[in-house]
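# Fold and geometry: a report
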Amino acid sequence: MKLATGNIERLKHHRKIAEIIAACEDADADILVLTEYDDRVDLKSYPYHFI
């Protein structure tokens, strides 16, 4: 099982949304935990989420 965590800082870097999404998808984690989440980060490769 692969776990990944990250803090997206309430999209302080909103110009990098595509890079943030790509990094999350590239992690290919079974469980991904993002703190300071924002709805603009739409991760289609993770079908289950809890906000």
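Residues numbered from 1 in each chain as written. Predicted model: local features only at pLDDT ≥ 70, side-chain atom pairs only at ≥ 80, totals over all residues. Heavy atoms only, no water.

### Remarks on the overall build of the chain
This is how the line gets drawn: Helix and strand definitions follow DSSP, with helices as H or I runs of at least four residues and strands as E runs of at least two, each counted in order from the N terminus. Radius of gyration means the value over C-alpha atoms here, while the globule rule gives 2.2 Å times the residue count to the 0.38 power. Residue exposure (1.4 Å probe, protein chains only): buried if accessible area is under 20% of the type maximum, exposed if over 50%, otherwise partly exposed. Note on contacts: a residue pair qualifies if any of its non-hydrogen atoms lie within 4.5 Å across the two residues. Only the protein chains shown count as covering a residue, and every accessible area follows the Shrake-Rupley method with a 1.4 Å probe.
Of the regular secondary structure elements, the chain holds one helix and two strands. Going residue by residue from the N terminus, the α and β elements of the chain occur as β-α-β. Taking 2.2 N^0.38 as the reference for a compact globule, 51 residues should give roughly 10 Å; the C-alpha atoms of the chain span a radius of gyration of 10 Å, in line with that estimate. Dimensions of the chain along its principal axes, counting C-alpha atoms only, are 30 × 20 × 15 Å. A total of 51 residues make up the chain; the buried ones form 27% of that total. Within the chain, residue pairs in contact and separated by at least 24 positions form 56% of the contacts whose partners lie at least 6 positions apart. By element, 53% of the accessible surface of the chain is carried by carbon and sulfur atoms, the whole surface being about 4300 Å².

### Digging into the pattern of salt bridges
Formally: Every case where a carboxyl oxygen of Asp or Glu lies within 4 Å of a side-chain nitrogen of Lys or Arg is listed as a salt bridge.
Considering all chains together, one arrives at one salt bridge under this definition. Close ionic contact of K44 with D42 constitutes a salt bridge, the shortest N to O distance being 2.5 Å. For K44, a relative accessible area of 65% translates into the label exposed.

Keep in mind these numbers describe shape, not what the thing actually does.
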